[in-house]
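Listed below are the residues making up each chain.
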Amino acid sequence: MRCTADWRDGTGAAPRVLRHVTMRMAAAGVVALTAACGSKFDPAEYPTPELLYEATVALYQEGKCHQAVDGFRSLTFELNSFDPRLVEVRYFLADCTLDQGERLEAARLFRRVADEYPRHPLAAAALLRAGDSYSGLWKKPTLDPTYGEAAMATYRELLARYPASDAADSAQGRIAGLNEWFAQKEYKDGEFYYRLRAFDSAIIYYKDVVANYPQTTYAAKSVIRLVEAYDRIGYDDEKVEMCRYLRQYYPDAERADRVCPETFASQ
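Within any chain, residue numbers begin from 1 and follow the written order of that chain's sequence. For this predicted model, a pLDDT threshold of at least 70 governs which residues receive local features, and a threshold of 80 or more governs which side-chain atom pairs are given and counted, while totals over whole chains, interfaces and linings are taken from all residues. In computing side-chain properties, one takes all heavy atoms of the structure into account and sets aside hydrogens as well as water.

Draft legend 1. Just the state of the cysteines, in detail. Note on terminology: disulfide denotes any pair of cysteine sulfur atoms within 2.5 Å. Tallying each qualifying case throughout the model produces two disulfides. Two residues, Cys-65 and Cys-96, share a disulfide whose sulfurs are 2.4 Å apart. With the S-S dihedral at roughly -70 degrees, the linkage between Cys-65 and Cys-96 falls on the left-handed side. With Cys-65 in helix α4 (residues 65-78) and Cys-96 in helix α5 (residues 85-99), this pair connects stretches of sequence that are 31 residues apart. The class for Cys-96 is buried, based on a relative accessible area of 0%. Counting from the N terminus, the helices are DSSP H or I runs at least four residues long and the strands are E runs at least two residues long. Whether a residue is buried, partly exposed or exposed follows from its accessible area with a 1.4 Å probe, protein chains only, as a fraction of its type maximum: under 20%, in between, or over 50%, in that order.

Now the structure itself:
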């Protein structure tokens, strides 16, 4: 897995940094090449932060995060706080940390980039990657959604802070995907109670899906289930109202004309 793969997903800022880094690396190409080709990487072998930086970035560009991560960690201590390379080093370190599967630590490191360097071109991309780190910890829709909620909050923060960024455009897609999972979780909880014939409890979950996730694939399914649940418990007025809602917003939903034949017959 290449640890720089995320730079090609439309976040925008990082490719410019990479080109800037590449220009600087040209002056120390021999050192960088030697480091990248070695089987082991020991930051202590580089006598100056400059040489360590060039060699570590060379490894990073080749996708060798398992080696570069130690160099980036060392550079966070060796570069002074005013060095413009420090923000890049912190971002690269976060990326390599995520590449190694340490998602919580990666989220913390990406957040630090966004919070400590809010005006840097990498800040928006860092927030996006922090959200990605949290999102990857929510393995299935049926599991505890805490990390999914953290990811959603991070993506929404990105939209608020950097609405015109390429990273914000990418976050919109991530948000849609998370909403689908949240909706699926609520719908399945509703199904659990529906199968137990606890229709009042099931209705609560189906309503939540319709109200909070109307653009997801589970919204129409929830409306169908609401019609059926109301029918089961004899709530005729609520059933009629939900059939009208179904006809207005989800007329092409599967089984819509079967659960509400009178409503759809009048079309």
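Here the narrative resumes.
Draft legend 2. Highlighting unusual backbone geometry. In this structure, Arg-197 takes a positive phi of about 65 degrees despite not being glycine. Mapped onto the secondary structure, Arg-197 falls in the loop between α9 (166-195) and α10 (199-212). Notably, Arg-255 is not glycine yet its phi reads approximately 75 degrees, a positive angle. Residue position: Arg-255 is located in the loop between α12 (236-249) and α13 (256-259).

Draft legend 3. Region of the structure containing the packing of α5 against helix α7 (residues 122-135). Running from amino to carboxyl end, α5 crosses α7 at an angle of 20 degrees, the nearest separation of the two axes being 11 Å. For the element pair α5 / α7, the angle class is roughly parallel. Between α5 and α7 lies a crossing of left-handed hand. Contacts between α5 and α7 involve Val-87, Glu-88, Tyr-91, Asp-95 and Leu-98 from the first element and Leu-122, Ala-125, Ala-126, Arg-129 and Ser-133 from the second. Just so you know the grouping, Ala, Val, Leu, Ile, Met, Phe, Trp, Tyr, Cys and Pro go in nonpolar, Asp, Glu, Lys and Arg go in charged, and all remaining residues, Gly too, go in polar. Looking at the contact of α5 with α7 residue by residue, the classes come out as six nonpolar, one polar and three charged. The convention used is that axes are lines fitted to C-alpha atoms, helices contributing only their stretch in contact, and that angles between N-to-C directions extend from 0 to 180 degrees. Should an angle fall under 35 degrees it is called roughly parallel, over 145 degrees roughly antiparallel, and 65 to 115 degrees roughly perpendicular, with every other angle called oblique. Whether a crossing is left-handed or right-handed is set by the direction in which the near helix is turned from the far one by less than a right angle, anticlockwise for left-handed and clockwise for right-handed. By definition, residues are in contact when any of their heavy atoms lie within 4.5 Å.

Draft legend 4. Just α5, in detail. Here, expected helix span is obtained from the residue count minus one, scaled by 1.5 Å. In this model α5 runs 21 Å from its N-terminal to its C-terminal C-alpha over 15 residues, within 8% of the 21 Å that 1.5 Å per residue would give. Burial analysis of α5 places 14 of its 15 residues in the buried class, the great majority of the element.

Draft legend 5. The arrangement of the pattern of salt bridges in detail. A side-chain nitrogen of Lys or Arg and a carboxyl oxygen of Asp or Glu constitute a salt bridge if their distance falls within 4 Å. Evaluation of the coordinates by the stated rule reveals 17 salt bridges. Residue Arg-73 pairs with Asp-70 through a salt bridge whose shortest N-O separation is 3.3 Å. Of this pair, Arg-73 and Asp-70 both sit in helix α4, separated by three residues, roughly a single helical turn. Its relative accessible area of 34% is what places Arg-73 among the partly exposed residues. In this structure Asp-70 comes out as partly exposed when scored by relative accessible area, which is 35%.

Draft legend 6. Highlighting the packing of aromatic side chains. Pairing of aromatic rings covers Phe, Tyr and Trp, the last counted by its six-membered ring, and requires centre-to-centre distances within 6.5 Å; plane angles under 30 degrees mean stacked, over 60 mean edge-to-face, and any other angle means tilted. Tallied over the full model, the rule gives 17 aromatic pairs. Plain terms: the ring middles of Phe-182 and Tyr-213 are 6.2 Å apart, the flat faces sit at 15 degrees to each other, and that makes the pair stacked. Residue Phe-182 is located in helix α9, and its partner Tyr-213 is located in the loop between α10 and α11 (217-233); the two are separated by 31 residues in the primary sequence. When its relative accessible area of 10% is taken as the criterion, Phe-182 is described as buried. Residue Tyr-213 is classed as buried on the basis of its relative accessible area, which comes to 17%. Arranged with centres 6.4 Å apart and planes meeting at 50 degrees, the rings of Tyr-245 and Tyr-250 form a pair that is tilted. Relative accessible area serves as the criterion here: at 14%, Tyr-250 is assigned to the buried category. Three or more aromatic residues joined by ring pairs make a cluster, and in this case those are Tyr-187, Tyr-194, Phe-199, Tyr-206 and Tyr-218. The cationic tip of Arg-85 hangs over the ring face of Tyr-53; the distance from NZ or CZ to the ring centre is 5.2 Å. Look at NZ for Lys and CZ for Arg. If either is within 6 Å of the ring centre and within 35 degrees of the ring normal, a charge sits over the ring.

Draft legend 7. Region of interest: the nonpolar core. Within the largest apolar cluster, 78 residues are counted, with the highest numbers of intra-cluster contacts made by Phe-72, Tyr-91, Phe-110, Leu-158 and Leu-246. If near-sequence neighbours (up to four positions away) are discounted, Phe-72 is found in contact with Thr-56, Val-57, Tyr-60, Val-89, Phe-92, Leu-93 and Cys-96. The set of buried Ala, Val, Leu, Ile, Met, Phe, Trp, Tyr and Cys residues whose side-chain atoms join them within 4.5 Å is what this entry labels a nonpolar core.

Draft legend 8. A look at the confidence of the model for the protein. Every residue carries a pLDDT, the predictor's confidence in it, which falls somewhere between 0 and 100. For the protein, mean pLDDT is 88; residues scoring 70 or higher make up 85% of the total. Note on residues 4-13: pLDDT is under 50 here. Beyond four places in sequence and across chains, it has 27 contacts. Scored below 50 in pLDDT, residues 18-38 shows 32 contacts in the model against residues more than four places distant or in partner chains.

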